[in-house]
Structure formats: C-alpha cells, structure tokens
Amino acid sequence: MLTLTEIAENPLRLARRLKAHDGPELVFRPLTKADTGHLAGFLGALSSASRRFSTFDGYDRAAAQELCDAIARYDKLRLVLEEVPSNRIVGLLELSLALTPADIARYRVAGIRLAETTDCRFGPTLADDYQGRGVGTLVCPLVAEVVRLLGRTRIILWGGVRADNPRAIRYYEKNGFRPVGSFTEADGSLSLDMMLDLSPLPDPSGP
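Structural notes, computed from the coordinates. Remember, predicted model here, so these are calculated numbers, not experimental data. (Residues numbered from 1 in each chain as written. Predicted model: local features only at pLDDT ≥ 70, side-chain atom pairs only at ≥ 80, totals over all residues. Heavy atoms only, no water.)

**Description of the pattern of salt bridges**
Should their charged atoms come close, side chains of opposite charge can pair. How we decide: When a carboxyl oxygen of Asp or Glu lies within 4 Å of a side-chain nitrogen of Lys or Arg, that pair is called a salt bridge. Helix and strand assignments come from DSSP, with helices taken as H or I runs of at least 4 residues and strands as E runs of at least 2, each series counted from the N terminus. Partly exposed residues are those whose accessible area sits between 20% and 50% of the maximum for their type, while under 20% is buried and over 50% is exposed, using a 1.4 Å probe and protein chains only.
One pass over the structure, following the stated rule, counts 15 salt bridges. For Asp119, the salt bridge is made with Arg154, and the minimal N-O distance between the two is 2.7 Å. Within this pair, whereas Asp119 is found in strand 5 (residues 119–126), its partner Arg154 is found in strand 6 (residues 154–157), the two being separated by 35 residues in sequence. Like Arg154, Asp119 is buried.

So, in structure tokens, the structure goes:
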C-alpha cells in the first residue's frame, strides 16, 4: 500500500499519459511543489459557474501556494492533468483519506458505515474548455487505480454533487457511482451523495 509520503518522494510512479479525443496529449500525475505558477493560472481561469461547483478556498496564487505547500503534510492527495507540451494544468483531482463527521452521519442514515480504512473522498475540477469533452471518463480508471494503491476500496464524492448540475451527475453515473442519498447545503440548495465501490465482484463461476 502506498503512502502519501512515498508518492511525494517519487511522484513519477503515478504518472500516466493519455490522449483526449480532440486535443493534445495529457499527463496525469501528482501535484508537486513546482506547480504553484501553473496551478494559480488554472484556478484563476475558472469561470464563476465552475467555481460554484468546486471546493477550493481561493482562486489566486496564494491559494495555489497553499495547496502545493500542503503536499504530504495532511490527509490529501492532489493530482493534476497537464497539457503536453505547454505544461498548462487543465484539471485538478482531489482525494482525501479523511472523512468528516457529516459524511459519516449522512451515509449511516443511508445504511452505509464509512471507515477511513476503506473509504476516501474525491473531488474533480476541469478547466472550462475541457469540460464535456470526455476527459473525466478517461481519467476515472486512473483515479480508481490510485485509490486502490492507497488501500481504499470505496470512493465518495467530496461534498456531494449539486442536484442542479446534471452533467456532473451523468458523468458520475456513467463511471459507476450510485446515488446514496441527498442533503441540503447551507444556501438551501440540494446536493446528492454518491459512491463508487471498487471491491471486486464475486466470480459467477465460483462456488
């Protein structure tokens, strides 16, 4: 099982190349401390609509610096999608190995007991010009691979998904997430909890 410290010491072990259907080649890899400038550009370019669906505390260089400084210091692994050869960051994919009391309580109501030994939280954000182009579906198996390497078998959505974001809901459903329940945000809007179970299915030919 990989640790966050081991990943920070050798981020290339998780690096993968992929080709979008209608764009340049991309590199999927962990965020590094050298990414502050490119990450600031990514955050600053997000539209107001994208920011509404994201989980970041800020969208400037200070916010980018904080994310880079946090590498291997807490419970989070952040992965980026980087264009080749421009080195532009076009996606930030966040994994958290810690669960919040609110997550645990909501899922318990739905009959699911969460545990930090098996579960993690996931929150993806793509640059506006990469949304709706199938990139998220290309990345999902890579995220699942990383989650397994971290020793987790289930993924829940980081903060859920807004009920008024049908494109995101379709994306999650297409990639195996199932609805678990719903909850009301602080602003009165509705969000959905969804989960992806990576546990191997039983062999139908087995006993």
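**Structural notes on the pairing of strand 5**
Definition in use: Strand pairing is assigned whenever DSSP detects at least two bridges linking the two strands.
A large share of strand 5 lies buried, amounting to seven of its eight residues. Note: strand 4 (residues 89–96) against strand 5, six bridges, orientation antiparallel. Looking at the pairing, Leu93 lines up with Pro124 of strand 5. In this sheet, strand 6 lies alongside strand 5 in parallel orientation, the contact comprising four bridges.

**Some thoughts on helix 6 (residues 135–149)**
Note the following rule: A helix's residues, less one, multiplied by 1.5 Å, set its expected span.
Helix length check: helix 6 (15 residues) gives 22 Å between terminal C-alpha atoms against 21 Å at 1.5 Å per residue, within 8%. Within the sequence span of helix 6, burial applies to Val135, Gly136, Val139, Cys140, Leu142, Val143, Ala144, Val146 and Val147. Among the residues trailing helix 6, Gly151 stands out with phi positive, at a value near 85 degrees.

**Some details on the packing of helix 2 (residues 36–45) against helix 4 (residues 61–69)**
To keep it simple, the criterion reads: Between the N-to-C directions of two axes lies an angle of 0 to 180 degrees, each axis being a line fitted to C-alpha atoms and, for a helix, fitted only over the stretch in contact. Oblique is the label for every angle not falling under 35 degrees (roughly parallel), over 145 degrees (roughly antiparallel), or within 65 to 115 degrees (roughly perpendicular). Left-handed describes a crossing in which the near helix is turned anticlockwise from the far one by less than a right angle; the clockwise case is right-handed. The contact rule is simple, with two residues in contact once any of their heavy atoms fall within 4.5 Å.
Across the interface, helix 2 lies against helix 4 with an axial gap of 8 Å and an inter-helix angle of 130 degrees. Comparing their axes, helix 4 and helix 2 come out oblique. For the pair helix 2 and helix 4, the sense of crossing is right-handed. Of the residues in helix 4, those in contact with Thr36, Gly37, Leu39, Ala40 and Leu43 of helix 2 are Arg61, Ala63, Ala64, Gln65, Leu67 and Cys68.

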